[in-house]
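# Overview (structure and organization)
Here is what each chain is made of, one letter per residue.
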Amino acid sequence: MSKAQRIVAILFIAGLAIRVALIPTMGGSEILSYAKWGHNVYTQGLANSFDGVYFPIQYLVFSVAHFFTIHLGLTFETVIKIFNLIFEIGLLALIVSLTKKSLAPWKTMLLYWLNPFALIIFQQGYVDAQFSFFILLTLWLLLKRKGQKYQYLAASASLGIALLMKPQAIPLLISLAILGGILLITKGVGL
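A quick note: this is a predicted structure, and the numbers were derived from the prediction, not measured.

## Here we look at the overall build of the protein chain
Along its length, the protein chain carries 10 helices and zero strands. When the helices and strands of the protein chain are listed from N to C terminus, the series reads α-α-α-α-α-α-α-α-α-α. By principal-axis analysis of the C-alpha atoms, the protein chain measures approximately 60 × 50 × 30 Å. Residues classed as buried in the protein chain amount to 38% of the 191 residues present. Of the contacts made within the protein chain by residues no fewer than 6 positions apart, 69% connect residues no fewer than 24 positions apart. For the protein chain, the exposed surface amounts to about 10800 Å²; the carbon and sulfur share of it is 72%. Distance between charge centres in the protein chain, computed from 14 positive and 5 negative side chains, equals 22 Å.

Here it is in C-alpha cells:
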C-alpha cells in the first residue's frame, strides 16, 4: 500500500469512526416527522398516508426504516442514520471516482468526508445523502459508463429515483432539460 493509499484509508476510517460515534446522539426534530411518516406508510400504506412533504420513494424508505425499528429493536433515528451512513459511503465512492483525475482522493476525504458541515448534517439525521447519492450516480453513469448498452436507461432510472425522493432534486431536472435543449439546438444547427 502506497503512502497516498494509507492516508486515504486513515482519513476514511476517521470519518467513519466519527459518524458511527454520532449515530446514538440526538438528531434534529425532523426525525420525529420521518418516524411518523414511516409508521403511517407501514401501517396504512403509501396511498393513505402520503401527504406530499417529500416524495413517494422517500416515504417508502421511511417505512422500511420503521420495519427495521420494529424487528431489530433499534430506534428509528438509529436506523435512519445507518441508512444515511450507507448512502454517504456510496456518495464518497462516487465523488472519488468522478474527481480522481482532478483531485487527489485524500483531498476529497478532507473536502467531503471530514467536512464539519457534512458531519453535522449526518448527526442531525437529514436524509439528503439518500437522494444526493442517486443524483451523483446519474452523473457517474453518464460520464463513466460511456458506450454501455443500458447507460442512458440506468442513468434515467437513477435520476427518476432521486426525483421521487425529495423536491430538492427538481432543479437538477430543470438544469438537465436546459442542457439537453442547448445540445439539441447546437447539434441541430451544426455548431
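Now that the structure is up, let's keep going.
## What to know about a nonpolar patch on the surface
Together, Leu72, Leu74, Ile82 and Ile86 line one region of the surface with nonpolar side chains, adding up to about 350 Å² of accessible area. Tracing the chain through its elements places Leu72 in helix 4 (residues 56-72). The class of Leu72 is exposed, set by a relative accessible area of 55%.

## Description of the packing of helix 2 (residues 30-44) against helix 4
As a packed pair, helix 2 and helix 4 sit with axes 7 Å apart at the nearest point and diverge in direction by 85 degrees. Relative to helix 4, the element helix 2 lies roughly perpendicular. Across the interface between the two elements, Tyr34, Trp37, Gly38, His39, Val41 and Tyr42 from helix 2 touch Tyr59, Leu60, Phe62, Ser63, His66, Phe67, Ile70 and His71 from helix 4.

## Some thoughts on the pattern of salt bridges
Going through the model one piece at a time under the given rule, you end up with three salt bridges. Arg19 is paired through a salt bridge with Glu88; the nearest N and O atoms lie 2.5 Å apart. Of this pair, Arg19 sits in helix 1 (residues 3-22) while Glu88 is found in helix 5 (residues 76-99), placing the two residues 69 residues apart along the sequence. Overall, Arg19 belongs to the buried group, its relative accessible area being 0%. Residue classification places Glu88 among the buried residues on the basis of a relative accessible area of 4%. Between Lys166 and Asp128 there is a salt bridge; the shortest N-O distance is 2.7 Å. With Lys166 in the loop between helix 9 (151-163) and helix 10 (170-188) and Asp128 in helix 8 (residues 128-144), this residue pair connects regions lying 38 residues apart in the sequence.

## Observations concerning helix 6 (residues 105-113)
Buried residues of helix 6: Thr108, Met109, Tyr112 and Trp113, and no others. The buried residues of helix 6 occupy an angular sector of 105 degrees when the element is viewed end-on, so they sit on one face. Considering only its buried residues, helix 6 is in contact with helix 1, helix 5 and helix 7 (116-124).

## Describing the packing of helix 4 against helix 5
Contact pair helix 4 / helix 5: the axes reach a minimum separation of 9 Å and the direction vectors enclose 125 degrees. Accordingly, the angle class assigned to the pair helix 4 and helix 5 is oblique. You can see that helix 4 and helix 5 cross each other, and the crossing is right-handed. Listed contacts from helix 5 to Val61, Phe62, Val64, Ala65, His66, Phe68 and Thr69 of helix 4 are Phe76, Val79, Ile80 and Phe83. Residues of the contact of helix 4 with helix 5, tallied by class, amount to nine nonpolar, two polar and no charged.

## Remarks on the layout of surface pockets
Quantified by volume, the largest pocket comes out at close to 210 Å³. What lines the largest pocket is simply Leu139, Leu142, Leu143, Gln151, Tyr152, Leu176, Leu179, Gly180 and Leu183. For the lining of the largest pocket, the secondary structure elements donating two or more residues are helix 8, helix 9 and helix 10. In terms of residue count, the dominant contributor to the lining of the largest pocket is helix 10 (four residues). Among the residues forming the lining of the largest pocket, the class breakdown is seven nonpolar, two polar and no charged. By volume, the second largest pocket amounts to about 160 Å³. Those elements giving two or more residues to the lining of the second largest pocket turn out to be helix 5, helix 7 and helix 8. Classifying every residue of the lining of the second largest pocket by side-chain character gives eight nonpolar, two polar and two charged.

Conventions and cut-offs
Residues numbered from 1 in each chain as written. Predicted model: local features only at pLDDT ≥ 70, side-chain atom pairs only at ≥ 80, totals over all residues. Heavy atoms only, no water. Helix = DSSP H or I, 4+ residues; strand = E, 2+ residues; numbered from the N terminus. Buried < 20%, exposed > 50% of the residue type's maximum accessible area, 1.4 Å probe, protein only. Contact = heavy atoms within 4.5 Å. Areas by Shrake-Rupley, 256 points an atom, 1.4 Å probe, with all protein chains shown as cover. Lys, Arg positive; Asp, Glu negative; His and termini not counted. Charge placed at Lys NZ, Arg CZ, Asp CG, Glu CD. Patch = residues over 30% accessible without salt bridge, like charges linked within 9 Å, V, L, I, M, F, W, Y side chains within 5 Å. Salt bridge = Lys/Arg side-chain N within 4 Å of Asp/Glu carboxyl O. Axes fitted to C-alpha atoms, helices over the stretch in contact; angles between N-to-C directions. Parallel < 35°, antiparallel > 145°, perpendicular 65-115°, else oblique. Arc of directions from axis to C-beta. Left-handed = near helix turned anticlockwise from the far one by under 90°. Nonpolar A, V, L, I, M, F, W, Y, C, P; charged D, E, K, R; others polar. 1 Å grid on protein atoms, 1.4 Å probe; cavity = no way out; pocket = protein on both sides within 12 Å on 5 of 7 lines; lining within 4 Å. Points joined across faces, edges and corners; volume = space filled by probe spheres on them.

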